[in-house]
Amino acid sequence: MAITIEEIQGFKGKYPKQLWYLFFSEMWERFCFYGMRGMLTYFMVYHLMMDSKQANLQYGATQAFVYAFTFIGGLFADKILGFRKSLFWGGLLMILGSVLLAINPKEFFFLGISFNIIGTGFFKPNISSMVGMLYKEGDVRRDAGFLLFYSGINLGAFLGGYVVAVGKGTLFGSFVPQEYTWNFAFGLAAVAMTISLLTFLFTRKKLATIGLSPLEINDQGNSKKWIEYSVYIGTFAIIPLIMIMVSNTDYTNYFMYAIGPFSLLYLFYEMTKNTVAENKKLIAALFFILFSVVFWAIFEQAGGSLSLFAAENLSDKLLWFSADPNAVNNSVNSFFVIVFAPIIGILFIALSKRKLEPNSMVKFGLGFLLLGIAFYLFYTIRLTASQEGLGSLNIFAVAYLVVTFAELFLSPIGLSLMTKLSPYRLQGLMMGMWFLASAYGQYVAGLFGASITPEDTDSKMQKMITYTEGYKDFALYAIISGIILIAIAPLIKKLMQEVK
Ligand code: GLN
């Protein structure tokens, strides 16, 4: 007998079994995504011979695009494809993009990246929405589910981070011929994405009606097949456009100016069809989305200014052994997430049994306050600076531990909130908007990072001062945001009604 949605949502214990299917599918997708992302800048500088400023801009543009397309992916899922088909289509496009890069990374660079951008747009928001559908309204185990899912995201990110070493020839170098290391590395991303898609293919039947397309649900699956096919064809038609927009960062800017206002207008249009109660929840969701832009703008210093700071201004002593500060910068966050996300989830379940679980606003507020503390810790590294301008790697790692807790109070909770606050027919759209906020966050992060970057000619000590001064400012922004959030919590609470 086929499983029903009631049986899925009526699960006993901490997690529904189906969460694990989505966990692994997302884990491999993130392996592919972060593997690619890790290779981009390096490949552009050393193989496409771009200067590093250009490569950084290009990297930023790609990041912004990837997350901006989640809005489009979510929208099409709600209207036409449903989550399952979107996920499948996105996965296929990502495989195609990675295969193109594996065949000839130089020749097909922008083409391959464009496939990955649009593929991620279809995949990423919709798998997250499906996690939410495993839960009944009001199920207190939902945040814990998203936290576990988030652990999977980071497991994929952590492992995918090693792919760049394959490209550079420092990993598996003994059996991959030197001239093919990059083909092999991009090929690994393709293999990971294939595993992700197969995992989904083999388990999707166990998801009952979750993620079926609106056309299928209304029994128009066959008569309106042409609409579905137009989406597939349209995707290919838009790829040349994405290629042009990604390869010229001016166009990226225009795109970013346009997509945010457009998404808001579209949402307001959709809201005209809702009840007042539904709209109140959506406004609450918008508050969370807006605040998350500030969060990501600070958090995403990780890939920008913090990696330069690590390279220039940190000693290599971690506890009693020596470690590459950049390796610490790139991996401790994922490592801490993998370990702590499930623990915090279980803690939330335990607290809710005692009616002590903090509500989402408090979690968000705490996220910001912790982010502030973490950046203040980055600031204090200057107090440990040696005469050569090298500061403590230990404090840096502790700051990352705090950053991780901040992230765990905000990012998975945000995903969970989107699924709680959106009516069924707008789930994809709202999840897309949540990630669109990340796109803006990344974008602002680049500006923030640039504003605290010292001159190349500065001494190490001067660089230490410039960076840490910047981190102190960011700490302040985070704390102020946290305080504002806590201050307006009663208002948001009203808008959220019964949602916790
Ligand atoms: N690191 C998380 C992921 O890859 C969150 C990304 C984001 O929302 N910016 O899913």
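Per an unreviewed UniProt entry, the recorded name for the chain is Peptide MFS transporter, and the organism is Flavobacterium luminosum.

> Looking at this structure, I do not really get the overall build of the chain. What am I missing?
Looking only at helices and strands, the chain has 17 helices and two strands in total. Expected size for 500 residues packed as a compact globule is a radius of gyration near 23 Å; at 22 Å, the chain falls within 12% of this value. Judged by the C-alpha coordinates and their principal axes, the chain covers about 70 × 55 × 40 Å. Within the span of the chain, comprising 500 residues, buried residues form 51% of the whole. Contacts in the chain between residues far apart in sequence, at least 24 positions, make up 82% of those at least 6 positions apart.

> Sorry if this is basic, but what is going on with unusual backbone geometry here?
Glycine aside, residues mostly have negative phi, and peptide bonds are mostly found in the trans state. The residue Met49 is not glycine, and still its phi comes out positive at about 55°. Among the structural elements, Met49 can be located in the loop between α2 (18–46) and α3 (52–103). Phi at Ala208 takes a positive value of approximately 50°, unusual for a residue other than glycine. For Ala208, the position within the fold is in the loop between α7 (181–203) and α8 (214–217).

> Explain the nonpolar core here, please?
Soluble globular proteins tend to pack their nonpolar side chains together in the buried interior. Ranked by internal contacts, the top residues of the largest apolar core, which has 152 residues, are Leu371 and Phe375. Per-element tally for this core: the top contributor is α3, with 23 residues. When near neighbours in sequence (up to four residues on either side) are disregarded, Phe375 contacts Ile298, Tyr471, Phe474, Ala475 and Ala478.

> What exactly am I supposed to notice about the packing of helix α11 (residues 276–299) against helix α16 (residues 427–451) here?
Relative placement of two packed helices is described by the angle separating their axes and the distance separating the axes. Between α11 and α16, the least distance of the axes is 7 Å, while the angle of their chain directions is 30°. Here α11 is positioned roughly parallel relative to α16, judged by the angle of their axes. The crossing of α11 and α16 is right-handed. Seen from α11, the contacting residues are Ala285, Ile289, Ser292, Val293, Phe295, Trp296 and Ala297; seen from α16, they are Met430, Met433, Trp434, Ala437, Ser438, Tyr440, Gly441, Gln442, Val444, Ala445 and Phe448. Here the contact of α11 with α16 is built from residues that sort into 14 nonpolar, four polar and no charged.

> Help me out: how do you make sense of the packing of helix α10 (residues 249–271) against α16 in this one?
Orientation of α10 relative to α16, taken along the N-to-C sense of each, is 155°, at an axis distance of 11 Å. Relative to α16, the element α10 is oriented roughly antiparallel. Regarding α10 and α16, the two cross each other, and that crossing is left-handed. For the pair formed by α10 and α16, the contact residues are Met256, Ile259, Gly260, Ser263 and Leu267 on the first element and Leu429, Met433, Leu436, Tyr440 and Tyr443 on the second. For the contact of α10 with α16, the residue count by class is eight nonpolar, two polar and no charged.

> Any chance you could explain the site of the ligand here in plain terms?
Surrounding the ligand, one finds Arg30, Ile153, Trp296, Ser411, Phe435 and Ser438. Looking at side-chain class alone, the shell around the ligand contains three nonpolar, two polar and one charged residues.

> Can you walk me through α16 in this structure?
Structurally, the α-helix is built with 3.6 residues per turn, so residues lying three or four positions apart point the same way. In a regular helix each residue adds 1.5 Å, so 25 residues correspond to 36 Å; α16 covers 36 Å between its end C-alpha atoms and thus fits that length. Taking burial as the measure, the 25 residues of α16 include 21 buried ones, the bulk of the element.

> What exactly am I supposed to notice about the confidence of the model for the chain here?
Detailed reading of the predicted model is not advised wherever pLDDT is low. Averaged over the chain, the pLDDT score is 93; the fraction of residues at 70 or greater is 99%. Least confident of the elements in the chain is α8, whose mean pLDDT is 80; most confident is helix α15 (residues 393–421), at 97.

> Please clarify how the environment of Pro342 should be interpreted in this entry.
Mapping Pro342 onto the fold places it in helix α13 (residues 325–353). In sequence terms Pro342 and Tyr379 are 37 residues apart; their C-alpha atoms lie 30 Å from each other. Residues within four places of Pro342 in sequence aside, it is in contact with Leu147, Leu148 and Ser151.

> How should I be thinking about the environment of Tyr59 in this particular structure?
As for its placement among the helices and strands, Tyr59 is situated in helix α3. The spacing of Tyr59 and Glu270 is 211 residues in sequence and 33 Å in space, taken between C-alpha atoms. Contact partners of Tyr59, with chain neighbours within four places excluded, come to Leu40 and Thr41.

Conventions adopted
Residues numbered from 1 in each chain as written. Predicted model: local features only at pLDDT ≥ 70, side-chain atom pairs only at ≥ 80, totals over all residues. Helix = DSSP H or I, 4+ residues; strand = E, 2+ residues; numbered from the N terminus. Rg over C-alpha atoms; globule rule 2.2 N^0.38 Å. Buried ≥ 20, exposed ≤ 12 C-beta atoms within 10 Å, placed from the backbone. Contact = placed C-beta atoms within 7 Å. Core = buried A, V, L, I, M, F, W, Y, C linked by C-beta atoms within 7 Å. Axes fitted to C-alpha atoms, helices over the stretch in contact; angles between N-to-C directions. Parallel < 35°, antiparallel > 145°, perpendicular 65-115°, else oblique. Left-handed = near helix turned anticlockwise from the far one by under 90°. Nonpolar A, V, L, I, M, F, W, Y, C, P; charged D, E, K, R; others polar. Near = placed C-beta within 6 Å. Expected span 1.5 Å × (residues − 1). pLDDT = per-residue confidence, 0-100.

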